[in-house]
Amino acid sequence: MVHRRLLELFACPRCGTGLVIEDGFGTLPAVCARGHRFPTDQGYLDLSGEAAPDGTTARTFESFGYEWNTFDDVREEDAQFAQVYFRDLDMQTLHGKIGLDAGCGKGRYTRFLAPHLDALVALDGSSAVEAAARNLGTYPNVLVVRSDLRTVPVAPGSIDFVTCLGVLHHLEDPRAGFRSLVRLLAPDGRILLYLYSRPSEFGARRLALWAAGAFRALTVRTPHRLLKLLSAPVAALLYLGVVQLGALGHRAGIGPLDRLPMAGYRGKPFRSLLLDTFDRLSAPVEHRYLWEELAPWFEAEGLVVDAHREEAGWFVLAHRAPERA
């Protein structure tokens, strides 16, 4: 049973002993050797602990929990976005491997990885795991787990493939989160990341990011229900004034218009931009990087970068070199 196999990766977050499920997943809790019990009856294994997070972590989990349980539907355009995210990854090389999707949200991209991996943990620290459990319930090789990726109780060197898409840049200390994930990689294990980028030179995108940042100073404290309503007109202005105008420039060969930012939304429905607008305006923390700032992360951890590209964000695929005898 895949769930039982994946459960063997985890230790009890209270005492460090192993976890077992005596019967089918979802009917009984997972139990450690000292009797600590962890629920599975909501379709996911809850290792979040009794103590609620505080400060920025609590606000971040609240934001993304609301987001993914509100925008929880599976969408056709997700396949188009997945092609961008996984472009540098040969899916065939995942066969027989164990993976971890860290910060899985509603399982938006977990669905595209699951068919290629032998077993996959979909992990999130927020209540987004409720949406993930609903969306991933038909994938028998996926175990949804609620836990902070920075403290996930998994033995070092036990995961073959880690993906973390659009998550680290929302942490107070993204590099510390990165190190927490790297420690999980097996020898020759790979990690795929997506992090926000920032332009090095002045232009339309840099100006747009500055304006968005100024607006975010107000919106990150706005109640989520109200922010959802406010996001609609903002997204509509961006969709008509930037995305559609840029698409027109592309079709007509008008260079200045074709070079407008947000090209990734061209040909996508408005609802995709609405979701991402709420995401941008709601998340309490946002970091952006130049490549020369990110490259040292990988070098310091002994990772070999196999591919990196910038498309309104950094897509990075790297691997841990096998240990030498």
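Please read all numbers here as calculations on a predicted model, not as lab measurements.

### Structural notes on the packing of helix α8 (residues 224-252) against helix α10 (residues 270-282)
At step 1: Relative orientation of the contacting elements α8 and α10 amounts to 125°, with a least axis distance of 8 Å. Put simply, α8 runs oblique to α10. Of the two possible hands of crossing, α8 and α10 adopt the one that is right-handed. Of α10, the residues touching α8 (which contributes His 224, Leu 227, Lys 228, Ser 231, Ala 232, Val 234, Ala 235, Ala 236, Leu 238, Tyr 239 and Val 243) are Phe 270, Leu 273, Leu 274, Thr 277, Phe 278, Leu 281 and Ser 282.
At step 2: Grouping the amino acids of the contact of α8 with α10 by side-chain chemistry returns 13 nonpolar, four polar and one charged.

### Some remarks on the pairing of strand β10 (residues 303-310)
At step 1: Of the strand pairs in this sheet, β10 and strand β11 (residues 314-320) are connected by seven bridges, and their pairing is antiparallel. Paired with Arg 309 across the two strands is Phe 315, which belongs to β11.

### Topic: empty space enclosed by the protein
At step 1: Per the stated rule, a full pass over the model turns up one cavity of 30 Å³ or more.
At step 2: What the largest cavity holds in volume is close to 50 Å³.
At step 3: Lining of the largest cavity is provided by Thr 56, Thr 57, Thr 60, Phe 61, Arg 150, His 170, Leu 171, Glu 172 and Val 285.
At step 4: Class assignment for the residues of the lining of the largest cavity results in three nonpolar, four polar and two charged.

### Brief notes about a nonpolar patch on the surface
At step 1: Where nonpolar side chains cluster on the molecular surface, the patch consists of Phe 202, Leu 207 and Trp 210 and spans about 430 Å² of accessible area.
At step 2: Relative to the helices and strands, Trp 210 is located in helix α7 (residues 204-219).

### Re the sheet that holds strand β5 (residues 98-102)
At step 1: In spatial order, the strands read β4-β7-β6-β5-β8-β9-β11-β10; together these eight strands make up an open sheet with mixed pairing. Both outer strands of the open sheet, β4 (45-46) and β10, are each paired with one neighbouring strand and no more.
At step 2: With six bridges joining them, strand β8 (residues 159-165) and strand β9 (residues 185-195) adopt parallel strand pairing. When the bridges of β9 are listed, Cys 164 appears paired with Leu 193.
At step 3: Contacts from helix α6 (residues 174-182) reach β5, β8, β9, β10 and β11 within the one sheet, and its direction differs from that of β9 by about 150°.
At step 4: Relative to the sheet, helix α11 (residues 291-300) contacts β9, β10 and β11, its axis offset from that of β11 by approximately 15°.

### A few points about the environment of Gly 103
At step 1: If you trace the backbone, Gly 103 turns up in the loop between β5 and α4 (110-113).
At step 2: Remark: the alpha-carbon pair of Gly 103 and Pro 13, spanning 90 residues in sequence, is separated by 18 Å.
At step 3: Those residues in contact with Gly 103 that lie beyond four places of it in its chain are Leu 123, Asp 124 and Val 167.

### Brief notes about the nonpolar core
At step 1: Phe 10 and Ile 191 are the most contacted members of the largest nonpolar core, which has 47 residues in total.
At step 2: Other than its neighbours up to four places away in sequence, Ile 191 contacts Val 162, Phe 178, Leu 181, Val 182, Leu 185, Leu 303, Val 316, Leu 317 and Ala 318.
At step 3: Ranked by size, the runner-up nonpolar core spans 45 residues in total, among them Phe 81, Met 91, Ala 283 and Phe 315.

### Some thoughts on the pattern of salt bridges
At step 1: Throughout the structure, instances matching the rule amount to 14 salt bridges.
At step 2: A salt bridge links Glu 77 to Arg 271, with the nearest nitrogen and oxygen atoms 2.8 Å apart. Taken together, the residues Glu 77 in the loop between α2 (55-70) and α3 (78-85) and Arg 271 in helix α10 connect sequence positions 194 residues apart.
At step 3: For Glu 77, a relative accessible area of 3% gives the class buried.
At step 4: One salt bridge connects Glu 311 with Arg 87, and the closest N-O pair in it is separated by 2.6 Å. Of the two residues, Glu 311 is situated in the loop between β10 and β11 and Arg 87 in the loop between α3 and β5; the sequence distance between them amounts to 224 residues.
At step 5: The exposure class of Glu 311 is partly exposed, given its relative accessible area of 33%.

### Remarks on the sheet that holds strand β3 (residues 37-38)
At step 1: The three strands lie next to each other as β1-β2-β3, forming an open sheet whose pairing is antiparallel. A single partner strand is all that each edge strand has here, and the edge strands are β1 (19-20) and β3.
At step 2: With two bridges connecting them, strand β2 (residues 30-32) and β3 associate as antiparallel partners. Across the sheet, residue Ala 30 finds its bridge partner in β3, namely Phe 38.

Conventions adopted
- Residues numbered from 1 in each chain as written.
- Predicted model: local features only at pLDDT ≥ 70, side-chain atom pairs only at ≥ 80, totals over all residues.
- Heavy atoms only, no water.
- Axes fitted to C-alpha atoms, helices over the stretch in contact; angles between N-to-C directions.
- Helix = DSSP H or I, 4+ residues; strand = E, 2+ residues; numbered from the N terminus.
- Parallel < 35°, antiparallel > 145°, perpendicular 65-115°, else oblique.
- Left-handed = near helix turned anticlockwise from the far one by under 90°.
- Contact = heavy atoms within 4.5 Å.
- Nonpolar A, V, L, I, M, F, W, Y, C, P; charged D, E, K, R; others polar.
- Pairing = 2+ DSSP bridges.
- 1 Å grid on protein atoms, 1.4 Å probe; cavity = no way out; pocket = protein on both sides within 12 Å on 5 of 7 lines; lining within 4 Å.
- Points joined across faces, edges and corners; volume = space filled by probe spheres on them.
- Patch = residues over 30% accessible without salt bridge, like charges linked within 9 Å, V, L, I, M, F, W, Y side chains within 5 Å.
- Areas by Shrake-Rupley, 256 points an atom, 1.4 Å probe, with all protein chains shown as cover.
- Salt bridge = Lys/Arg side-chain N within 4 Å of Asp/Glu carboxyl O.
- Core = buried A, V, L, I, M, F, W, Y, C linked by side-chain atoms within 4.5 Å.
- Buried < 20%, exposed > 50% of the residue type's maximum accessible area, 1.4 Å probe, protein only.

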